[in-house]
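# Structure at a glance
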Amino acid sequence: EKSLVGWLRNGICFQGEALAMVGQVQEGMAQIREGMAARRSASAQCHLLGAQGTLAEAQAKAGHPEGGLATLDDALAQVETTGERYCEAELYRLKGKLLWMQGDQTKAGDCFQQAVEVARRQQAKSWELRATTSLARLWQQQGRLEEARQALADVYGWFTEGFDTVDLIEAKALLEELG
């Protein structure tokens with residue numbers, strides 16, 4: 001029964017993510033926070049980092065990127081404290097995304113680079129693809145087209161399947177834009 005309760009707590013977070021993705025951002029954030037609180041009250045820290053990343057995205061979507069950045073800084077501090085690093089690359093990518101939203105291209109690029117480095121170190125190709133796609137978009141805006149194309153082509157070329165997934169579809173579209 002305890003394992004089912006744990007799945008229910010995770011499900012609350014996932015339901016909140018889905019709500020935020022379809023535009024019910026306030027309701028989604030409330031669900032994510034509820035699920036996170038339930039996990040913490042049960043002393044179950046597992047999977048909280050992913051929920052914090054989702055919450056940060058929802059906060060930015062709600063027009064509060066500074067709140068999202070605070071959430072991500074907390075999550076990244078927990079990465080260092082707990083050693084739980086499964087979504088570390090994605091947390092750095094999201095931080096870069098929010099910094100870019102605030103107009104800080106330099107710090108955004110640093111975060112995207114950090115995300116790529118973490119993903120490579122972990123041999124997490126999906127996270128690397130996401131981070132490289134974000135970095136390539138930034139470089140595209142900065143006029144660094146060849147550098148963006150080459151970096152993204154290198155990662156994209158690694159994949160042999162899954163070309164109908166959102167991340168690979170987006171990467172392919174960006175590669176086509178970059179020529």
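As the structure is a computational prediction, the values presented were derived from the model and not from experiment. (Residues numbered from 1 in each chain as written. Predicted model: local features only at pLDDT ≥ 70, side-chain atom pairs only at ≥ 80, totals over all residues. Heavy atoms only, no water.)

### Looking at the packing of helix 4 (residues 65-82) against helix 5 (residues 88-101)
Note the cut-off: In this analysis, axes come from line fits to C-alpha atoms, helices being fitted only over the stretch in contact, and the angle between any two N-to-C directions falls in the range 0 to 180 degrees. Here a strand is any run of E in DSSP of at least two residues, a helix any run of H or I of at least four, and the numbering for each starts at the N terminus. When an angle is under 35 degrees it counts as roughly parallel; over 145 it counts as roughly antiparallel; between 65 and 115 it counts as roughly perpendicular; any other value is oblique. It is the rotation of the near helix from the far one that decides the hand of a crossing: anticlockwise by less than a right angle makes it left-handed, clockwise makes it right-handed. In what follows, a contact means two residues having at least one pair of non-hydrogen atoms within 4.5 Å.
Where helix 4 contacts helix 5, the axes come no closer than 10 Å and their chain directions differ by 155 degrees. As judged from the angle between their axes, helix 4 and helix 5 are roughly antiparallel. As helix 4 packs across helix 5, the resulting crossing turns out to be left-handed. Residues Pro 65, Gly 68, Leu 69, Leu 72, Asp 73, Ala 75, Leu 76, Val 79 and Glu 80 of helix 4 pack against Glu 88, Leu 91, Tyr 92, Leu 94, Lys 95, Leu 98 and Leu 99 of helix 5.

### Quick look at helix 9 (residues 166-178)
Definition in use: To estimate how far a helix should extend, the number of its residues minus one is multiplied by 1.5 Å. A simple rule labels every residue: compare its accessible area, found with a 1.4 Å probe on the protein chains alone, to the largest value its type can have, and call it buried under 20%, exposed over 50%, or partly exposed in between. The arc in question is formed by the directions pointing from the helix axis toward the C-beta atoms.
End to end, helix 9 covers 18 Å across 13 residues, agreeing with the expected 18 Å (1.5 Å per residue, within 8%). Within helix 9 the residues assigned to the buried category are Leu 168, Ala 171, Leu 174, Leu 175 and Leu 178. Relative to the axis of helix 9, the buried residues are bounded by an arc of 125 degrees and lie together on one face. Facing away from the buried side of helix 9 by more than 90 degrees, the exposed set consists of Val 166, Glu 176 and Glu 177. Tucked inside the fold, the buried residues of helix 9 contact helix 7 (125-141) and helix 8 (145-156).

### Describing unusual backbone geometry
Residue Gln 123 is not a glycine yet carries a positive backbone phi of 55 degrees. Its location among the elements puts Gln 123 in the loop between helix 6 (105-122) and helix 7. We classify Gln 123 as exposed; its relative accessible area is 72%.

### Section: the environment of Val 25
Inspection of the secondary structure assignment puts Val 25 in helix 2 (residues 25-41). Measuring from C-alpha to C-alpha, the distance between Val 25 and Thr 82 comes to 29 Å, with 57 residues separating the pair along the chain. Look past the residues within four positions of Val 25 in its chain and what remains in contact with it is Leu 19, Ala 20, Ala 58, Lys 61 and Ala 62.

### What to know about the pattern of salt bridges
The following threshold applies: Within this document, salt bridges are pairs made up of a side-chain nitrogen of Lys or Arg and a carboxyl oxygen of Asp or Glu, the two lying within 4 Å of each other.
This structure, assessed with the given rule, holds 11 salt bridges. The residue Asp 167 makes a salt bridge to Arg 130 at a minimum N-O spacing of 2.9 Å. Of this pair, Asp 167 sits in helix 9 while Arg 130 sits in helix 7, and the two are 37 residues apart along the sequence. Overall, the relative accessible area of 23% leaves Asp 167 in the partly exposed class. Note that Arg 149 is salt-bridged to Glu 146, the shortest N-O span being 2.9 Å.

### Describing the side chain of Gln 59
Formally: Side-chain atoms alone can form a polar contact between residues adjacent in sequence; in general such a contact is a pair of N or O atoms within 3.5 Å, and within protein one must be able to donate a hydrogen while the other accepts it.
In this structure, Gln 59 sits in helix 3 (residues 48-61). Polar side-chain contacts of Gln 59 include one of 2.7 Å to the side chain of Thr 71. Dropping the residues within four chain positions of it, Gln 59 is found in contact with Met 29, Arg 33, His 64, Pro 65, Gly 67, Gly 68 and Thr 71.

### Here's the deal with the packing of helix 8 against helix 9
Heads up, the rule is: Residues were grouped as follows: Ala, Val, Leu, Ile, Met, Phe, Trp, Tyr, Cys and Pro as nonpolar; Asp, Glu, Lys and Arg as charged; and all remaining residues, including Gly, as polar.
Between helix 8 and helix 9, whose axes approach to 10 Å, the crossing angle comes to 145 degrees. For helix 8 against helix 9, the interelement crossing comes out left-handed. Between helix 8 and helix 9, the residues in contact are Leu 145, Ala 148, Arg 149, Leu 152, Ala 153 and Tyr 156 and Leu 168, Ala 171, Lys 172, Leu 174, Leu 175 and Leu 178, respectively. Of the residues assigned to the contact of helix 8 with helix 9, the class counts are 10 nonpolar, no polar and 2 charged.

### Remarks on the nonpolar core
What counts, and what does not: The nonpolar core is taken to be a set of buried Ala, Val, Leu, Ile, Met, Phe, Trp, Tyr and Cys residues, with the residues joined through side-chain atoms within 4.5 Å.
Counting residues in each nonpolar core, the largest one holds 38 residues, and the members touching the most others are Leu 49, Leu 72, Leu 91, Leu 129 and Leu 152. Elements with a contribution of two residues or more to this core: helix 3, helix 4, helix 5, helix 6, helix 7, helix 8 and helix 9. Per-element tally for this core: the top contributor is helix 6, with 7 residues. In this structure Leu 129 touches Leu 152, Val 155, Tyr 156, Phe 159, Asp 167, Leu 168 and Ala 171, once residues within four positions along its chain are discounted. Counting residues in hydrophobic clusters, the runner-up holds 10 residues, among them Ala 20, Met 29, Ala 51 and Leu 55.

As far as function goes, none of this settles anything; it's purely spatial.
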